[in-house]
Amino acid sequence: MGHRVGLLCDQLSRWPELAEMIRDGGAHTQLEELLALLAGPTNPDEQRVTELVAAIEDACARQGLPAQSRGIPSLPPGMGEGPTGHPAGWTCPLGRCSRVVLPDETEHPPTCAAARGEDTGMKPYLTNPR
């Protein structure tokens, strides 16, 4: 489930207009519930998350958006061996999905679609000191 949530978060963070397309496809309520569950203080019920993601994917399909099938990469071997303090990538700040963003994918630190409040940035994965 973390993979599907990560894909959705990635797409929502890169293309905010996707939320409007989901609304137009009839799943705005499901998207709002999903994001609230992910941002909540406890681990959400996996079955409910699965149902919500399926409804959102169906809404996307109704809008003509293809399903995503690419994998979310894990940090490659050797990451974390560079100079201290330089992000090797970013991970979900909520620990709710498998999303990883590498520095060559973005010029700016990425955001998490489910994070709330002032800090919506993803959690930096810092390299290890030598």
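Residues numbered from 1 in each chain as written. Predicted model: local features only at pLDDT ≥ 70, side-chain atom pairs only at ≥ 80, totals over all residues. Heavy atoms only, no water.

> So what exactly am I meant to see when it comes to the overall build of the protein here?
Within the protein, the secondary structure is distributed over four helices and three strands. Each helix and strand of the protein, placed in order from N terminus to C terminus, yields the pattern α-α-α-α-β-β-β. With 130 residues in all, the protein has 34% of them scored as buried. Taking the contacts inside the protein whose residues are at least 6 apart along the sequence as the reference set, 66% of them involve residues at least 24 apart. Within the structure as shown, the protein displays about 7,700 Å² of accessible surface, and the carbon and sulfur contribution to it stands at 53%. (Helix = DSSP H or I, 4+ residues; strand = E, 2+ residues; numbered from the N terminus. Buried < 20%, exposed > 50% of the residue type's maximum accessible area, 1.4 Å probe, protein only. Contact = heavy atoms within 4.5 Å. Areas by Shrake-Rupley, 256 points an atom, 1.4 Å probe, with all protein chains shown as cover.)

> Quick question: what am I supposed to make of the packing of helix H1 (residues 2–14) against helix H2 (residues 17–24) here?
The relative placement of two packed helices comes down to the angle between their axes together with the axis-to-axis distance. Orientation of H1 relative to H2, taken along the N-to-C sense of each, is 115°, at an axis distance of 6 Å. Judged by the angle between their axes, H1 and H2 are roughly perpendicular. Contact with H1, carried on its side by Leu8, Gln11 and Leu12, involves Leu18, Ala19 and Ile22 of H2 and no other residues of that element. Considered class by class, the residues forming the contact of H1 with H2 number five nonpolar, one polar and no charged. (Axes fitted to C-alpha atoms, helices over the stretch in contact; angles between N-to-C directions. Parallel < 35°, antiparallel > 145°, perpendicular 65-115°, else oblique. Nonpolar A, V, L, I, M, F, W, Y, C, P; charged D, E, K, R; others polar.)

> Please clarify how the nonpolar core should be interpreted in this entry.
With 26 residues, the main nonpolar core has Leu8, Leu12, Ile22, Leu31, Leu34 and Ile56 as its most contacted residues. Breaking this core down by element, the ones donating at least two residues are H1, H2, helix H3 (28–39) and helix H4 (46–62). In terms of residue count, the dominant contributor to this core is H4 (six residues). Those residues in contact with leucine 34 that lie beyond four places of it in its chain are Leu8, Val49, Leu52, Val53 and Ile56. (Core = buried A, V, L, I, M, F, W, Y, C linked by side-chain atoms within 4.5 Å.)

> What should I look at first to understand the packing of H3 against H4 in this one?
In the contact formed by H3 and H4, the axes pass within 9 Å of each other and the chain directions differ by 145°. Like other packed secondary-structure pairs, H3 and H4 cross with a definite hand, here left-handed. Facing Gln30, Leu31, Glu33, Leu34 and Leu37 of H3, the residues of H4 in contact are Arg48, Val49, Leu52, Val53, Ala55 and Ile56. Across the contact of H3 with H4, the residue classes break down as eight nonpolar, one polar and two charged. (Left-handed = near helix turned anticlockwise from the far one by under 90°.)

> Teacher, can you tell me more about the pattern of salt bridges here?
Pairing is possible between side chains of opposite charge, provided their charged atoms come close. Counted according to the given criterion, the structure contains eight salt bridges. Arginine 23 is paired through a salt bridge with glutamate 20; the nearest N and O atoms lie 3.9 Å apart. Here glutamate 20 and arginine 23 lie together in helix H2, a separation of three residues that amounts to about one turn. Of the residues examined, arginine 23 reaches a relative accessible area of 42% and is grouped as partly exposed. The class of glutamate 20 is partly exposed, set by a relative accessible area of 46%. (Salt bridge = Lys/Arg side-chain N within 4 Å of Asp/Glu carboxyl O.)

> Even after reading the chapter, I still don't get H3, so can you show me in this structure?
Since the α-helix advances by 3.6 residues per turn, residues separated by three or four positions end up pointing in the same direction. Here H3 is twelve residues long and its end C-alpha atoms lie 17 Å apart, about the 16 Å a rise of 1.5 Å per residue gives. Considered for burial, the residues of H3 that qualify are Leu31, Leu34, Leu35 and Leu38. Along the axis of H3, the buried residues cluster in a sector spanning 95°; they form a single face. Here the buried face of H3 lies against H1, H2 and H4. (Expected span 1.5 Å × (residues − 1). Arc of directions from axis to C-beta.)

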